[in-house]
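Examination of the molecular architecture
Read off the chains here:
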Amino acid sequence: MRKLFKFSYIYLFCFLIFPFFSYSESSNKTLINFDHPEEFEEYSGGNGTVKVRNKNSYSLPMKNLRSDQKIDFLIGNGLFKREWLPAPSIKSSSDGLGPFFNATSCQGCHIKDGRGHPPDSTLEFDDSISMVFHLSIPPQNERHEYLLDTYLVKSIDDPMYGGQLSDFAIEDLLSEGQINVSYEFIPIAFDNGTVVTLSKPIYSIKNLNYGDLHPDIQISARVAQPMIGLGLIQAISQKDILVNEDPDDENNDTVSGVANIVWDYDINNTNIGLFGWKAAQPSIRQQSADAFHNDMGLSSKHYPNGSNCSEKQIDCNRYEHGNSPTVDDFEVSSNQLDLIEFYSSHLAVPARRNHDNEKVLAGKKIFYESGCTSCHTPKFITAKSDYSSALSEQLIWPYSDFLLHDMGDGLADDSRAFKASGREWRTQPLWGIGLTQEVNGHTQFLHDGRANSLIEAILWHGGEAEKSKQEILKLSIEEVENLIKFIESL
């Protein structure tokens, strides 16, 4: 199989040399034979793709991971599932939780390494553990403007509650508050007569225990994302991502993707963003450290503060932290971050299902002809990787350009993240999306889980995607079904 992918690399390179066989996005739409699957299309994650379809489909190591590396993967998996405890505890290697937190483990949000969901408003005791509220305010002074303009911060925090609401707290401390979600309902009609009702969320916070929020507060809801394929995304050459930027829409296709510019703690400078709903993190390692700090109140090299309390939260700041000289004087050591990074980098992408089915191929044709590939770029070849041979020079099919796009008023939340405005979102990779129900027991999509199905997710698209959405609204019932079958096969 390795040789096949090596051949594919040469094959695609030759196509790039001869313009009449070009594999650029524009020519993809005209040269692909939609009567047959493309070569290697089944292997979404390259040689590491796994052919397992069950509740553990997102939790498996890449198939091409070396045997001697699997122990690091397993240890990293154990850390990902570790339940952290408040300090001090009898298990000092696992203490330091909080004082405020949203979950006690990584797995608590990324359930089965998969997709989170909003709280179920129909259930009295359904918690919001896999959804968080990001909090920000508009810049209030020149200092705020400077921090934003130089990318030293992604947004300006609420003065009291910080950058994220914590709906849990350690014993004897009140949580910051509880998220509250209600919905308005918006019907949208296809030309074929089908009516789909969209659920528009309305966000508020109940039981604020430390005073009022800033009067200009901006609330941005997020659910946890699937963990599959992260290492392959990081292994894509930056130039292969940046080549798809079109900030001035020079090709006149109404799509003008741009990369986010974010602060990278490892290089102490700016970098392009790759991870998160707004591509606000440059690396798996920094994304992990950010989650440890903001979701669990744990310190690390990137976030040395022993708590996630704001300066104004006096009671919170009095609690003991779990920083220890035995783990770099932090609660999460650099070695533990290494293992979490390794685990997160090598979670395999599941293989396509029914990729050669006639209806799936018909849906693929609609996906391309409707312009969806203008943002959901089907494939990349990863760069040569010194970090891991499993990630190196792989033909992958993420269906994302990993750029920011203006998605219109319907999805806007006014909250910026470095260069990303409230209207801009990173194109989400689609690989593995058809297994969401099997792994996580629901079909709730988009950044806040507002879409209860794939078709609802499509109909929420606006802004740069408005033209494609209007094309889809013209489809027949059968064509819509085929389009969904294609996306479910990914």
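This text goes with the structure placed above it.
Here goes a summary of the coordinates provided. Being a predicted model, the structure only gives us computed values, none of them experimental.

Scanning the entire structure with this criterion turns up 19 salt bridges. Close ionic contact of Glu-369 with Lys-365 constitutes a salt bridge, the shortest N to O distance being 2.7 Å. Of this pair, Glu-369 and Lys-365 both sit in helix α11 (residues 358–369), separated by 4 residues, roughly a single helical turn. The shortest N-O distance in the salt bridge between Arg-423 and Asp-409 comes to 2.2 Å. Taken together, the residues Arg-423 in the loop between β11 (404–406) and β12 (424–426) and Asp-409 in the loop between β11 and β12 connect sequence positions 14 residues apart. Given the relative accessible area of 63%, Asp-409 is considered exposed. The network of salt bridges with shared partners includes Glu-38, Glu-41, Arg-352, Lys-364 and Lys-379.

In this section: the pairing of strand β8 (residues 269–272). Where strand β7 (residues 261–264) meets β8, 4 bridges bridge the pair, whose relative direction is antiparallel. Across the sheet, the residue bridging to Val-262 is Asn-271, located in β8. Hairpin connection of β7 to β8: 4 residues between the antiparallel strands, including Asn-268 at a positive phi of 55°.

On to the environment of Ile-156, then. Along the polypeptide, Ile-156 turns up in the loop between α5 (142–149) and β3 (168–169). The spacing of Ile-156 and Ala-291 is 135 residues in sequence and 18 Å in space, taken between C-alpha atoms. Setting aside chain neighbours within four positions, we find Ile-156 in contact with Leu-135, Ser-136, Ile-137, Pro-139, His-144 and Leu-148.

Our focus in this paragraph is the state of the cysteines. Per the stated rule, a full pass over the model turns up 1 disulfide. In this model Cys-309 forms its disulfide with Cys-316; the gap between the sulfur atoms is 1.8 Å. Negative torsions about the S-S bond denote left-handed disulfides, and the value of about -60° found for Cys-309 with Cys-316 makes this one left-handed. Each member of the pair, Cys-309 together with Cys-316, is buried. Left unpaired, Cys-372 is separated from the closest cysteine sulfur, that of Cys-375, by 8.8 Å. Look at Cys-375 and you get buried, because its relative accessible area is 11%.

Following the criterion strictly, the structure yields 14 aromatic pairs and no others. On the basis of an interplanar angle of 45° and a centroid distance of 6.1 Å, the ring pair of Phe-380 and Phe-402 is categorised as tilted. Separated by 22 residues along the polypeptide, Phe-380 in strand β9 (residues 380–381) and Phe-402 in the loop between β10 (395–396) and β11 bring together distant segments of the chain. Like Phe-380, the residue Phe-402 is buried in the burial classification. An aromatic cluster is defined as three or more aromatic residues linked by ring pairs; in this entry it consists of Phe-73, Phe-80 and Tyr-343.

Rules used in this analysis
Residues numbered from 1 in each chain as written. Predicted model: local features only at pLDDT ≥ 70, side-chain atom pairs only at ≥ 80, totals over all residues. Heavy atoms only, no water. Salt bridge = Lys/Arg side-chain N within 4 Å of Asp/Glu carboxyl O. Helix = DSSP H or I, 4+ residues; strand = E, 2+ residues; numbered from the N terminus. Buried < 20%, exposed > 50% of the residue type's maximum accessible area, 1.4 Å probe, protein only. Pairing = 2+ DSSP bridges. Contact = heavy atoms within 4.5 Å. Disulfide = S-S within 2.5 Å. Phe/Tyr/Trp six-rings, centres within 6.5 Å; stacked < 30°, edge-to-face > 60°.

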